[in-house]
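Coordinate inspection notes
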Amino acid sequence: MKWRDQKSSSNIDDRRLQKTPASMVNLQVLIPLIRWLLGTKFGRVVLLMGVIAMFLGYNPLALISGGGVQNAQISKDDDKYAQFIGVVLAQTENVWNKQFQIIGKNYKEPKLVLFRGAVQSGCGFANSQVGPFYCPADQKIYIDLSFFDELANRHNAPGDFANAYVLAHEVGHHVQNLLGILSQTNREKQGKNEKNQNAIQVKVELGADCLAGVWAHYLDDILEDGDIDEALNAASMIGDDTLQKQARGYVVPDSFTHGSAMQRKNAFYKGYKSGSISICKF
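Residues numbered from 1 in each chain as written. Predicted model: local features only at pLDDT ≥ 70, side-chain atom pairs only at ≥ 80, totals over all residues. Heavy atoms only, no water.

A few words on the overall build of the chain. Within the chain one finds 11 helices and 8 strands. Out of the 282 residues in the chain, the part that is buried amounts to 45%. A separation threshold of at least 6 residues defines the contact pool for the chain, and within that pool the share at least 24 residues apart is 76%. (Helix = DSSP H or I, 4+ residues; strand = E, 2+ residues; numbered from the N terminus. Buried < 20%, exposed > 50% of the residue type's maximum accessible area, 1.4 Å probe, protein only. Contact = heavy atoms within 4.5 Å.)

Dropping the structure here:
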């Protein structure tokens, strides 16, 4: 993807250097910390003191850190990711502003929040283990840029356009939100059992993959050889069946929430070949 020297979006909220509230650090370190403390007599005493402090209304981590944990200095690689993601977001803005004009609607550009470790969103607290996500409540996209290293190293999906696909997928959810698709599917889920709710959610996720493909359809000037293959590979490597096989060695289709590897690849490619919003209904 020819992204260097391209315009970057102004809709970036960079929180990477903000202090992470101690209550959010708890989510990340509490379980392994407790296990470690239980292994020693001194640790058990510390735990007891912590329980007493919490009973009295104090947060032990807040007492230690002064209310939060200062995030480390931003690395050059992290900053490169941030520059790249700003350009990709600008490209989504270009495409979706034009596409919404075609269907007679106004496109409200989403904000993108860069964070490290944990973040507070309009949908509640989240840490980096959640992965990139879109929050309909505040119409913002949240990304811990360390996810891109995980995408390449853990999921074997390297490449700048693999990363671009991830952001384009979340922007796809924003498009769905603006078109009323998310609120409609939330109504459809009401009263359904878990299996049927999952099936509905899969359709939402495949729709976002398709919309990411629609976006890619209009990038002829900046696409390079192999870019679409990178996106298709990423879609495959984070398919529910792929992830479940890696995690536990077997697949439970009724528990899918994003779609299989083949479904996700096909959805992206369907949008890419058509370039039409209307085709992204599943």
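Read from one edge to the other, the open sheet built from 4 strands follows the order E1-E4-E8-E7, with strand pairing classed as mixed. Looking along the sheet, the strands with just one partner apiece sit at the ends: strand E1 (12-14) and strand E7 (133-135). Recorded for the sheet is a direction-independent mean angle of 25° between the axes of neighbouring strands. Against the sheet, helix H4 (residues 76-102) touches E1, strand E4 (111-115) and strand E8 (140-144), its axis set at about 165° to E4. (Pairing = 2+ DSSP bridges. Axes fitted to C-alpha atoms, helices over the stretch in contact; angles between N-to-C directions.)

A few words now on the packing of aromatic side chains. Scanning the entire structure with this criterion turns up 8 aromatic pairs. Aromatic side chains Trp3 and Phe84 sit 5.4 Å apart centroid to centroid with 80° between the ring planes, which places their arrangement in the edge-to-face category. Separated by 81 residues along the polypeptide, Trp3 in the segment before E1 and Phe84 in helix H4 bring together distant segments of the chain. Measuring from centroid to centroid gives 5.7 Å for Tyr165 and Phe268, while their planes differ by 90°, and the two rings are edge-to-face. Placement of Tyr165 in helix H6 (residues 160-178) and of Phe268 in helix H11 (residues 261-274) is noted, with a sequence separation of 103 residues between them. Judged by relative accessible area, Tyr165 falls into the buried class, the value being 1%. In this structure Phe268 comes out as buried when scored by relative accessible area, which is 1%. In textbook terms, an aromatic cluster arises when at least three aromatic residues are bridged by ring pairs, as seen for Tyr81, Phe147 and Phe148. (Phe/Tyr/Trp six-rings, centres within 6.5 Å; stacked < 30°, edge-to-face > 60°.)

A word on the pattern of salt bridges. Per the counting criterion, the structure on display carries 7 salt bridges. For Arg116, the salt bridge is made with Asp78, and the minimal N-O distance between the two is 3.1 Å. Of this pair, Arg116 sits in the loop between E4 and strand E5 (118-121) while Asp78 sits in helix H4, and the two are 38 residues apart along the sequence. Of the residues examined, Asp78 reaches a relative accessible area of 10% and is grouped as buried. The residue Asp209 makes a salt bridge to Arg264 at a minimum N-O spacing of 2.8 Å. (Salt bridge = Lys/Arg side-chain N within 4 Å of Asp/Glu carboxyl O.)

Residues at a pLDDT of 70 or more form 85% of the chain, whose mean pLDDT is 88. Low pLDDT, under 50, characterises residues 62-67; the stretch is placed with 6 contacts to residues that sit more than four places away or in other chains. (pLDDT = per-residue confidence, 0-100.)

Along E4, 4 of the 5 residues are buried, which leaves the element largely enclosed by surrounding structure. Relative to E4, E1 is paired through 3 bridges, and the arrangement is parallel. Pairing of Asp14 across the sheet is with Leu114, part of E4.

The α-helix advances 3.6 residues per turn, and as a result positions three or four apart in sequence lie on the same side. Here H4 is 27 residues long and its end C-alpha atoms lie 40 Å apart, about the 39 Å a rise of 1.5 Å per residue gives. Positive backbone phi, at 75°, marks Gly104, one or two positions downstream of H4. (Expected span 1.5 Å × (residues − 1).)

Further remarks concern the layout of surface pockets. Estimates place the volume of the largest pocket at around 950 Å³. Along its surface, the largest pocket is lined by 41 residues, and Val130, Gly131, Pro132, Glu170 and His258 are the ones closest to its centre. Broken down by secondary-structure element, the contributors of at least two residues to the lining of the largest pocket are strand E6 (124-127), E7, helix H5 (146-153), H6, helix H7 (181-189), helix H8 (194-217) and helix H10 (240-248). Partitioning the lining of the largest pocket into residue classes produces 18 nonpolar, 16 polar and 7 charged. (1 Å grid on protein atoms, 1.4 Å probe; cavity = no way out; pocket = protein on both sides within 12 Å on 5 of 7 lines; lining within 4 Å. Points joined across faces, edges and corners; volume = space filled by probe spheres on them. Nonpolar A, V, L, I, M, F, W, Y, C, P; charged D, E, K, R; others polar.)

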